[in-house]
Amino acid sequence: QDCSMFALGALIRSVVGTDVAEPSPTTTAIGDVVVLGDREYIFGVPGSPVQPMQDANHLLGDPEALRAELQSQGFLLLRGVHDRQQVLTARSKVLEHLAQAGGKLDPDWPVEQGVLLRQCGASCVPFMEGETDLTRSDEVAQVLTGPRIKTFFRKLFGGESLTFDYKWLRAMYNGGFTGAHYDTVYMSRGTPELLTMWTPFGDVGTRMGTIAVMPRSNWHPAFHHLRETYGAMDAEAERLQGTGWFTTDPEECIQRFDAQWLVTDFKAGDALFFTMKTLHMSTKNVTNLARVSCDTRWQLGSAPADPRYVKQADGQLGHTQAKFGVYADTSEAATTVGPTIEEKKAEWGFSPV
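In this text, all values refer to a predicted model and were calculated from it rather than measured experimentally. (Residues numbered from 1 in each chain as written. Predicted model: local features only at pLDDT ≥ 70, side-chain atom pairs only at ≥ 80, totals over all residues. Heavy atoms only, no water.)

> Pulling in residues and values, what's your account of the pairing of strand 10 (residues 271–275)?
The buried fraction of strand 10 is high, at 5 of 5 residues. The alternating pattern of strand 10 places A271, F273 and T275 on one face and L272 and F274 on the opposite face, and all of these are buried. Here 4 bridges tie strand 7 (residues 195–200) to strand 10, and the two strands are oriented antiparallel to one another. Note on strand 10: the bridge partner recorded for M197 is F273. (Buried < 20%, exposed > 50% of the residue type's maximum accessible area, 1.4 Å probe, protein only. Helix = DSSP H or I, 4+ residues; strand = E, 2+ residues; numbered from the N terminus. Pairing = 2+ DSSP bridges.)

Now the structure itself:
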């Protein structure tokens, strides 16, 4: 199947006049195969449920228009919102961290290439989330919380911003991806106006694992029941077993909501912003490269913040050690005793697709 799909992609690229060479890890052309979850789709051709994401750079300088676009589409793709060189410096810092951990990067390649050992999978790549020496380092903090991005959010919010101390810094491994979910199920104990900023550290194409969004899933009637059930759940309070994802199957969302997935390639400096109820997932990393990225959360400084992810009076994060998403314990030995997402979906009346 893999060979036939990629051959079909090559045929389409030849018809539309694009290069038929080996797919690039950082560039996706119309007619290329995009691996979303465990499924393969032809990118950008008529009738495909996976289409190109458009940026909103023409709205920069008009905060009101940016806010309107964010609410209308559920996301903002902004090119060059970060300083490219600062992002590349931060990437080098993270890759040095992986190199120092040992047994992660292929020693036959320069560290800055970020080539993982063939056997380095989910249990190999170190957990880098939290409020750590790495996320606090000058190189990483300059990108995630430096003056440039703080100025952007101050203008977007129309007031001083606050970002969670907890940072979701990751290096996605070969075969890894994130399932479809709303962020609100993990961080709903503060303002609902919280935003996610996804920042790739480097040039990252869909073959390395990029965010895919379902536009207008934050308000469209087709997603109403999802927002009122799954989107109203507190995964930790529910003691939900597993990842907290609604599904790992992108086709379920396409069929259930009669919607498309939007994807794009990212350059160092680009970022994606989206709401707590924007349905998103990621393409699969089908390369041997570590896809380094970080999710940060931002809100108006005067609004209440989820206490699990910000420092408390004692200087410690209020976050419990419950892990969801990529790092969830999905083994039979997991100690969580609450329901599974499939049990919740049945309770909510979602019939199988």
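Let's pick the thread back up.
> Please set out the packing of aromatic side chains residue by residue, giving values where relevant.
Enumeration over the complete set of coordinates arrives at 17 aromatic pairs. Ring geometry for F153 against W298: centres 4.3 Å apart, planes inclined by 5°, an arrangement best described as stacked. Linking F153 in helix 6 (residues 147–157) with W298 in strand 12 (residues 291–300), this pair joins segments that are 145 residues apart in sequence. Here Y230 and F246 contribute two aromatic rings whose centre-to-centre distance is 5.4 Å and whose plane-to-plane angle is 55°, an arrangement assigned as tilted. (Phe/Tyr/Trp six-rings, centres within 6.5 Å; stacked < 30°, edge-to-face > 60°.)

> Which residues make up unusual backbone geometry, and what are the values?
You will see that R239, though not glycine, has its phi angle at about 60°, which is positive. In this fold, R239 is placed in the loop between helix 8 (235–238) and helix 9 (250–257). On the basis of relative accessible area, R239 is assigned to the partly exposed category, the value being 48%. Notably, D258 is not glycine yet its phi reads approximately 50°, a positive angle. Checked against the element boundaries, D258 lands in the loop between helix 9 and strand 9 (261–263). By relative accessible area, which is 73% here, D258 ends up exposed.

> Before we move on, can you summarise the nonpolar core with the specific residues and values?
Most often, soluble globular proteins have nonpolar side chains that are buried together. In terms of nonpolar packing, the biggest core is built from 39 residues, with M214, L226, Y230, F257, W261 and L279 touching the most fellow members. Put simply, the parts of the chain that give this core at least two residues each are strand 1 (33–36), helix 9, strand 9 and helix 10 (341–348). It is helix 9 that contributes the most residues to this core, 3 residues altogether. Within the second largest apolar cluster, 25 residues are counted, among which are L95, C120, M128 and V140. (Core = buried A, V, L, I, M, F, W, Y, C linked by side-chain atoms within 4.5 Å.)

> Explain the pairing of strand 2 (residues 39–42) to me, and be specific about the residues and the numbers.
Here 4 bridges tie strand 1 to strand 2, and the two strands are oriented antiparallel to one another. Paired with V35 across the strands is E40, a residue of strand 2. Taking the residues that link successive antiparallel strands as the turn, the strand 1-strand 2 hairpin has 2 residues, and the phi of G37 there is positive, at about 60°.

> Lay out the confidence of the model for the protein with the relevant residues and their values.
Taken residue by residue, the protein gives an average pLDDT of 91. The fraction at 70 or more is 88%. Predicted confidence for residues 6–22 stays below pLDDT 50, and this span has 23 contacts to residues more than four positions away or in other chains. (pLDDT = per-residue confidence, 0-100. Contact = heavy atoms within 4.5 Å.)

> Explain helix 3 (residues 84–101) to me, using residue names and the numbers behind them.
The first and last C-alpha atoms of helix 3 sit 26 Å apart over 18 residues, in line with the 26 Å expected at 1.5 Å per residue. All buried positions along helix 3 are accounted for by V87, A90, R91, V94, L95 and L98. End-on view of helix 3: buried residues confined to an arc of 135°, all on one side of the axis. Of the residues in helix 3, the exposed ones pointing more than 90 degrees away from the buried face are Q85 and Q100. If you follow the buried residues of helix 3, they end up packed against helix 5 (138–144), strand 6 (168–172), strand 7 and strand 12. At the C-terminal side of helix 3, G102 shows a positive phi close to 75°. (Expected span 1.5 Å × (residues − 1). Arc of directions from axis to C-beta.)

> Please provide a residue-by-residue account of the pattern of salt bridges, values included.
For the structure on display, the rule yields 20 salt bridges. Across the salt bridge formed by D183 and R297, the nearest N and O atoms sit 2.8 Å from each other. Here the residue D183 occupies a position in the loop between strand 6 and strand 7, and R297 occupies one in strand 12, the gap between them amounting to 114 residues. Residue D183 is classed as buried on the basis of its relative accessible area, which comes to 2%. Between R256 and E252 there is a salt bridge, and its shortest N-O distance comes to 3.0 Å. Residue R256 and its partner E252 are both found in helix 9; the two are separated by 4 residues, about one turn of the helix. For E252, a relative accessible area of 11% puts it in the buried group. Through salt bridges with shared partners, a single network forms among R189, D234, E236, D306 and R308. (Salt bridge = Lys/Arg side-chain N within 4 Å of Asp/Glu carboxyl O.)

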